[in-house]
Amino acid sequence: MAPVPPGVRLLVSFDRDQWYRALTFILTFLLYTSFHLSRKPISIVKSELHKNCSAVSEAAIIASSSSQQPSLSSLHTDVDCSWKPFDKSNYKQLLGAMDYSFLCAYAIGMYLSGIIGERLPIRLYLTVGMLASGVFTCLFGLGYIYNIHNLSFYIFVQVANGLVQTTGWPSVVTCIGNWFGKGRRGLIMGLWNSHTSVGNILGSLIAGYWVSSNWGMSFIVPGLIIIIMGVVCFLFLIEHPNDLKTIYTQNSSLGKTVPTHSWNGVNGHTEVYLQYKDNKNQSYDTELLLPRDSERIPMQPVVVVKSESEPSAISFMGALRIPGVVEFSLCLLFAKLVSYTFLFWLPLYITKAAHLDAKKAGDLSTLFDVGGIVGGILAGVISDKLGKRATTCAVMLLLAAPTLYGFSMISQFGLGPTIGMLLVCGGLVNGPYALITTAVSADLGTHKSLKGNARALSTVTAIIDGTGSVGAALGPLLAGLLSAGGWDQVFYMLMTADFLALLLLLRLVTKELASSKSRPISTVELKEH
């Protein structure tokens, strides 16, 4: 008999629960990757919506001088290079308004999304949100194909897309929190949260491929991808391990009878005995009736009675009273302000500062997200090791502010220094953002003050990310207004936001440092205040 291949040995070494955990991890990773993939194109296309028309004009003049009879109409077409209505001198404010419309709708919708998500089946709620988001993302791209130059059309699409995309984050965090415990949550969610950066990278590459030739496809392709992933979500997402009970209950009822033995009881009564399995710890109620060879007990009528009533969904104010929710929510407001300013404005900044075309600037901006992947994982590992989530965030925020200033200076000196600073800035900016939105949110949503009520996770996640999304809306808007006076003002705004985020964590950091215990769970397990 041939030996079993080592790969097969590895596969069969995992039990059923581990396979379902892996499925949930990978599936939710891909689902939220598609969300971020569909958000990124707008930042890539900005430099195409408003080009450097002076450079195009010079090229048109040179081309016309080489021909003997230049055409005025063709010259006008060449010089009129920007996409109306973004061809005006206030184009930065108009582009900022588009960002703001999406992010403001996202921030407002997020507060409602978690509350709604806890009262609906998450799989269906997330599926509908992904399908709708795909449709609105495609609509933006159709504006190019059908030659739409109405600003209100693009604003409407951005607002609608912002609202439906709020279905994503509370849903996937709730699923991953249901399947994974607190033991190594920082590491697991640090790895898992890299979907944000992976989605940004893929979105940049996909949008950059078409941006110069047909920028409408930069939106349509990501829109189709998120629609496909919505169908996958409907077919395969398992919200909670307990949902699998119905599968095994149905299987046990389809002809899988439990072996029984009859024995003569006292006074001539015949009693039926059930067999139980040996050497296996059962994890589901239905498996308690599986056969075991060595032990038999009389079977009695069994009535299953819940010890407590089904926990009700937590209220908005109840979630705010959980220790640490307010501080981390406000901290995320400023941390996300910085992250989303880079998300929406970095390619345009690189285009202006490094004098690169839209595709090269989009490709280069992905390095910021590569650094974000490393930063998110490091933040999770360090916070697991130290048991101090707030302190980990505070140190990274403290280092991020001077790094941002360094990036604004060094980016003027060539491609090499810019690449290095993009990686460092990405790690320090996205590290705290990733840690708060994943491990910290999951810790708070399962805080001991909730007494095991797992239905609070979606609401807590929505409050934290919704508050952060207010900053995400303000950052790009302020960047659009301040950049008119020079990019230095934008970087001063980003450094100020980092320091404010740091200040909001000082109380929690003080409590962590004063604590004599260091455990691999968050310091959000603070005493009530």
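Residues numbered from 1 in each chain as written. Predicted model: local features only at pLDDT ≥ 70, side-chain atom pairs only at ≥ 80, totals over all residues. Heavy atoms only, no water.

As named in an unreviewed UniProt entry, the protein chain is Major facilitator superfamily (MFS) profile domain-containing protein, taken from Oreochromis aureus. Here is the UniProt Sequence similarities (unreviewed entry) comment for the protein chain, exactly as written: "Belongs to the major facilitator superfamily. Organophosphate:Pi antiporter (OPA) (TC 2.A.1.4) family." (UniProt positions renumbered as here; feature names shortened; annotations may be inferred.)

Trainee: Go over the packing of aromatic side chains, please, and point to the residues and values.
Mentor: Evaluated as defined, the whole model comprises 25 aromatic pairs. Taken together, a centroid distance of 5.3 Å and an interplanar angle of 35 degrees make the contact between tyrosine 32 and phenylalanine 35 tilted. One end of the pair is tyrosine 32 and the other is phenylalanine 35, both in helix α2 (residues 16-39) and three residues apart, which spans about a single turn. The exposure classification of tyrosine 32 matches that of phenylalanine 35, with both residues buried. A centroid spacing of 5.8 Å and a plane angle of 55 degrees characterise the contact between phenylalanine 407 and phenylalanine 491, whose relative ring orientation is tilted. Note that phenylalanine 407 is positioned in helix α17 (residues 389-410) and phenylalanine 491 in helix α20 (residues 487-504), a separation of 84 residues in sequence. Three or more aromatic residues link up through ring pairs in this structure, and these residues are Trp83, Phe86, Phe140, Tyr144, Phe153, Tyr154, Trp215 and Phe219. A cation sits over an aromatic face here: lysine 46 above tryptophan 345, 4.0 Å from the ring centre. Over the ring of phenylalanine 234 we find arginine 123; its NZ or CZ atom is 4.8 Å from the centre of that ring. (Phe/Tyr/Trp six-rings, centres within 6.5 Å; stacked < 30°, edge-to-face > 60°. Helix = DSSP H or I, 4+ residues; strand = E, 2+ residues; numbered from the N terminus. Buried < 20%, exposed > 50% of the residue type's maximum accessible area, 1.4 Å probe, protein only. Lys NZ or Arg CZ within 6 Å of the ring centre and 35° of its normal.)

Trainee: Give me the environment of cysteine 425: which residues, what numbers.
Mentor: With respect to the secondary-structure elements, cysteine 425 resides in helix α18 (residues 415-445). A relative accessible area of 1% places cysteine 425 in the buried class. Separated by 19 residues in sequence, cysteine 425 and glycine 406 have C-alpha atoms that sit 9.4 Å apart. Discounting residues that sit within four places of it in the chain, cysteine 425 has contacts with Phe368, Thr403, Leu404, Phe407 and Asn430. (Contact = heavy atoms within 4.5 Å.)

Trainee: Describe helix α8 (residues 151-164), listing the residues and the values that go with them.
Mentor: Taking 1.5 Å per residue as the helical rise, α8 with its 14 residues ought to reach 20 Å, and the 20 Å between its terminal C-alpha atoms agrees with that figure. Turning to α8, its buried residues number three or more, namely Tyr154, Val157, Gln158, Ala160, Asn161, Gly162 and Val164. Looking at the buried residues of α8, the elements they touch are α3 (41-49), α6 (91-117) and α7 (122-145). (Expected span 1.5 Å × (residues − 1).)

Trainee: Hey, could you go over a nonpolar patch on the surface for me, with residue numbers and the actual values?
Mentor: A cluster of nonpolar side chains, namely Val4, Val8, Leu10, Leu11, Val12, Phe14 and Trp19, defines an oily patch on the protein surface of about 640 Å² accessible area. Looking at which element gives the most residues to the nonpolar patch, the answer is helix α1 (residues 6-12), with four residues. Positionally, leucine 10 belongs in helix α1. (Patch = residues over 30% accessible without salt bridge, like charges linked within 9 Å, V, L, I, M, F, W, Y side chains within 5 Å. Areas by Shrake-Rupley, 256 points an atom, 1.4 Å probe, with all protein chains shown as cover. Salt bridge = Lys/Arg side-chain N within 4 Å of Asp/Glu carboxyl O.)

Trainee: Describe unusual backbone geometry, listing the residues and the values that go with them.
Mentor: That bond from lysine 84 to proline 85 is cis: its omega, 10 degrees, falls within 30 degrees of zero. Looking at the secondary structure, you find proline 85 in the loop between α5 (72-79) and α6. The phi angle at asparagine 147 is positive, at roughly 60 degrees, despite the residue not being glycine. Along the chain, asparagine 147 falls in the loop between α7 and α8. Judged by relative accessible area, which is 48%, asparagine 147 ranks as partly exposed.

Trainee: So what's going on with the packing of α2 against helix α9 (residues 168-179)? Which residues, and what values?
Mentor: Contact geometry of α2 with α9 gives a least axis separation of 10 Å together with a crossing angle of 165 degrees. The orientation of α2 with respect to α9, classified from their angle, is roughly antiparallel. When you trace α2 past α9, the crossing you get is left-handed. Contact with α2, carried on its side by Asp17, Tyr20, Arg21, Thr24, Phe25, Thr28, Tyr32 and Phe35, involves Gly168, Trp169, Val172, Cys175, Ile176 and Trp179 of α9 and no other residues of that element. (Axes fitted to C-alpha atoms, helices over the stretch in contact; angles between N-to-C directions. Parallel < 35°, antiparallel > 145°, perpendicular 65-115°, else oblique. Left-handed = near helix turned anticlockwise from the far one by under 90°.)

Trainee: I'd like a description of the side chain of aspartate 498, backed by residues and values.
Mentor: When you line up the elements, aspartate 498 lands in helix α20. Buried charged residue aspartate 498 carries no salt bridge. Nearest counter-charge: lysine 336, at 14 Å. Excluding residues that lie within four positions of it along the chain, aspartate 498 makes contacts with Val338, Leu397, Ala400, Ala401 and Leu404. (Lys, Arg positive; Asp, Glu negative; His and termini not counted.)

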